[in-house]
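# Report on the structure
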Amino acid sequence: MRGNDFARTATVNGARVYYEYHQHPEASKTFVLLHGFLSSSFSFRRLTPLLKEQYNVISIDLPPFGGSDKTSRFVYSYENLATTVIQLLEQLEVKNIHLTGHSMGGQIALNVMKKEPALVEKAVLLCSSGYLPKMRWPVMMASRIPFFHLYVKLWLTRSGVRKNLENVVHNKELIDDEMLFGYLRPFLEDDIFKALTRMIRDREGDLSIAELKNIETPCLLVWGEHDRVVPLSTGHRLANDLPMSSLVVLEETGHLVPEERPDEVLHHIQQFVHTEADEFSKNEQAHYKKGLSPSLLTES
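Report follows, based on the coordinates. (Residues numbered from 1 in each chain as written. Predicted model: local features only at pLDDT ≥ 70, side-chain atom pairs only at ≥ 80, totals over all residues. Heavy atoms only, no water.)

### Description of the pattern of salt bridges
The condition that has to hold: For salt bridges, the criterion is a side-chain nitrogen of Lys or Arg within 4 Å of an Asp or Glu carboxyl oxygen. Helix and strand labels come from DSSP, where a helix needs a run of H or I of at least four residues and a strand needs a run of E of at least two; each type is numbered from the N terminus. Burial status follows relative accessibility: with a 1.4 Å probe on protein chains alone, a residue under 20% of its type maximum counts as buried, one over 50% as exposed, and anything between as partly exposed.
Applying the stated criterion to the full structure yields twelve salt bridges. Here R45 and E178 are joined by a salt bridge, their closest N and O atoms 3.2 Å apart. Placement of the pair is R45 in the loop between strand 3 (30-34) and helix 1 (48-51) and E178 in helix 7 (residues 177-184), with a sequence separation of 133 residues. In this structure R45 comes out as buried when scored by relative accessible area, which is 15%. Between E259 and R46 there is a salt bridge; the shortest N-O distance is 3.2 Å.

### Thoughts on the packing of helix 6 (residues 161-168) against helix 7
Let me state the cut-off plainly: Here an angle of 0 to 180 degrees is reported between the N-to-C directions of two axes, which are lines fitted to C-alpha atoms, with helices fitted over the stretch in contact. Every angle not falling under 35 degrees, over 145, or within 65 to 115 is termed oblique; those three ranges are roughly parallel, roughly antiparallel and roughly perpendicular. Residues count as neighbours in contact if any of their non-hydrogen atoms are within 4.5 Å of one another. Three classes are used, and their members are as follows: Ala, Val, Leu, Ile, Met, Phe, Trp, Tyr, Cys and Pro are nonpolar, Asp, Glu, Lys and Arg are charged, and the others, Gly among them, are polar.
Taken N-terminus to C-terminus, the directions of helix 6 and helix 7 make an angle of 105°; their axes are 10 Å apart at the nearest point. Classified by the angle between their axes, helix 6 and helix 7 sit roughly perpendicular to one another. On helix 7, the residues touching V161, R162 and L165 of helix 6 are M179, L180, Y183 and L184. Looking at side-chain class alone, the contact of helix 6 with helix 7 contains six nonpolar, no polar and one charged residues.

### Structural notes on helix 7
Count 3.6 residues to each turn of an α-helix, and residues three or four apart come out pointing the same way. Short version of the rule: Arc definition: directions from the helix axis to the C-beta atoms. In protein, a polar contact means a hydrogen-donor-capable atom and an acceptor-capable atom, both N or O and within 3.5 Å, with residues adjacent in sequence counting only if both atoms are side-chain atoms; elsewhere, any N or O pair within 3.5 Å suffices.
What helix 7 keeps buried is the set M179, L180, G182 and Y183. Across the axial projection of helix 7, the buried residues extend over an arc of 165°, all falling on one side. Buried positions along helix 7 lie against helix 6 and helix 11 (257-260). Where helix 7 begins, the side chain of D176 points an oxygen toward the backbone nitrogen of E178, at a separation of 3.4 Å.

### Focus on the side chain of E260
Selection rule: Charge counting follows a simple rule: Lys and Arg are positive, Asp and Glu are negative, and His as well as the terminal groups are ignored.
Inspection of the secondary structure puts E260 in helix 11. Buried charge E260 goes without a salt bridge, the closest partner of opposite sign being R261 at 5.8 Å. Here the side chain of E260 touches G254 through a polar contact of 2.9 Å, landing on its backbone nitrogen. Once you skip the residues sitting within four places of it in the chain, E260 turns out to touch V168, V169, H170, N171, L174, T253, G254 and H255.

### Some words on the environment of D227
Topologically, D227 is positioned in the loop between strand 7 (219-224) and helix 10 (232-241). Setting aside residues no more than four positions away along its own chain, D227 makes contact with C127, T253, G254 and H255. For D227, the side chain forms a polar contact with the main-chain nitrogen of V229, separated by 2.8 Å.

### Quick notes on the nonpolar core
Stated precisely, the cut-off is as follows: We define the nonpolar core as a collection of buried residues of types Ala, Val, Leu, Ile, Met, Phe, Trp, Tyr and Cys that are connected through side-chain atoms lying within 4.5 Å of one another.
If you look at the biggest cluster of nonpolar residues, it comprises 74 residues, and the most contacted ones within it are L34, L51, I60, L110, M113, L221 and L242. For this core, the leading source of residues is helix 2 (residues 78-92), giving seven residues. When sequence neighbours within four positions are dropped, the list of residues in contact with I60 reads V17, Y18, Y19, V32, L33, L34, H35, V85 and L88.

### What to know about helix 8 (residues 191-202)
Where we set the bar: Helix span is expected to be 1.5 Å times the residue number reduced by one.
For helix 8, with twelve residues, the first-to-last C-alpha span of 17 Å sits near the 16 Å given by 1.5 Å per residue. Burial analysis of helix 8 places nine of its twelve residues in the buried class, the great majority of the element. Taken together, the buried positions of helix 8 are occupied by I192, F193, A195, L196, T197, R198, M199, I200 and D202.

### Describing the packing of aromatic side chains
Our working definition: Here a pair means two rings of Phe, Tyr or Trp (six-membered ring of Trp) with centres within 6.5 Å. Their orientation is stacked below 30 degrees between planes, edge-to-face above 60, and tilted elsewhere. When the NZ atom of lysine or the CZ atom of arginine is within 6 Å of a ring's centre and also within 35 degrees of its normal, the charge is said to sit over that ring.
This structure, assessed with the given rule, holds five aromatic pairs. When the centroid spacing of 4.8 Å and the interplanar angle of 55° are considered together, the rings of F31 and Y55 count as tilted. Within this pair, whereas F31 is found in strand 3, its partner Y55 is found in the loop between helix 1 and strand 4 (56-60), the two being separated by 24 residues in sequence. The buried category is assigned to F31, whose relative accessible area is 0%. Measuring from ring centre to ring centre gives 6.4 Å for F187 and F193, while their planes differ by 45°; the resulting arrangement is tilted. F193 carries the same exposure label as F187, and that label is buried. Here K122 stacks its cationic end above the ring of F272, 4.9 Å away from the centre of that ring. Seen from the ring of Y131, R237 lies directly overhead, with NZ or CZ sitting 3.7 Å from the centre.

This is the structure we're talking about:
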């Protein structure tokens, strides 16, 4: 896949960033996809083919993941990663995007909306992380120990790709060799572990409640009811704190919703895309927060 003409790289904010750009000849809307922690654009492999049938799609490997730079010189704060996304889109002259973030990518998407609200027309947050504090001081200090990256590598090796995948999907039968290798491949070289060590030091806390309440971008929140990584309670909190937000809960689904329920995610995205901003009344938001689907909402 990485040899195809939609696979590209750009030097942005001091880092080489890998991204995939699917341009639709007739589409007016562009979806920008941001993956989660320890992942890459590979995590959207089932959703991207569906989206690109109707929209332009840009899937970005956030440094230090996937095909992007893995250097200990880059600042891996969420604020700086958001700046990197913004600068890449400026290079591509892309505006009025539909920003879609999964897990950690959701928190970075929120940072983008905070920094450049005019850039984002609408946002889709898939099991977005939220309300996490800054990394604890002892961990930050430990990350400065020489060769700490080897401890990071040991921790990830012990947990294993299969065990991690079993934690993020509800239906474990989805895990096959292609999936295992796709999530393993970025961790076959040591540079990633050195970069992750730097990321531990750079990691600031998630956006505060006050900052979330100032984000006026319409946001669709999609959650798996059995998410063990970012629990559904976080989705309800975000739906309460984001003024223009709606929450949809997918039954029998875990954390990795783009892998587990791509067709359902697309369905909700399409309804969201065609909903005017002024339709986000408090009554409608309340229905979504109960986990009802958009079809039920229109019938109520």
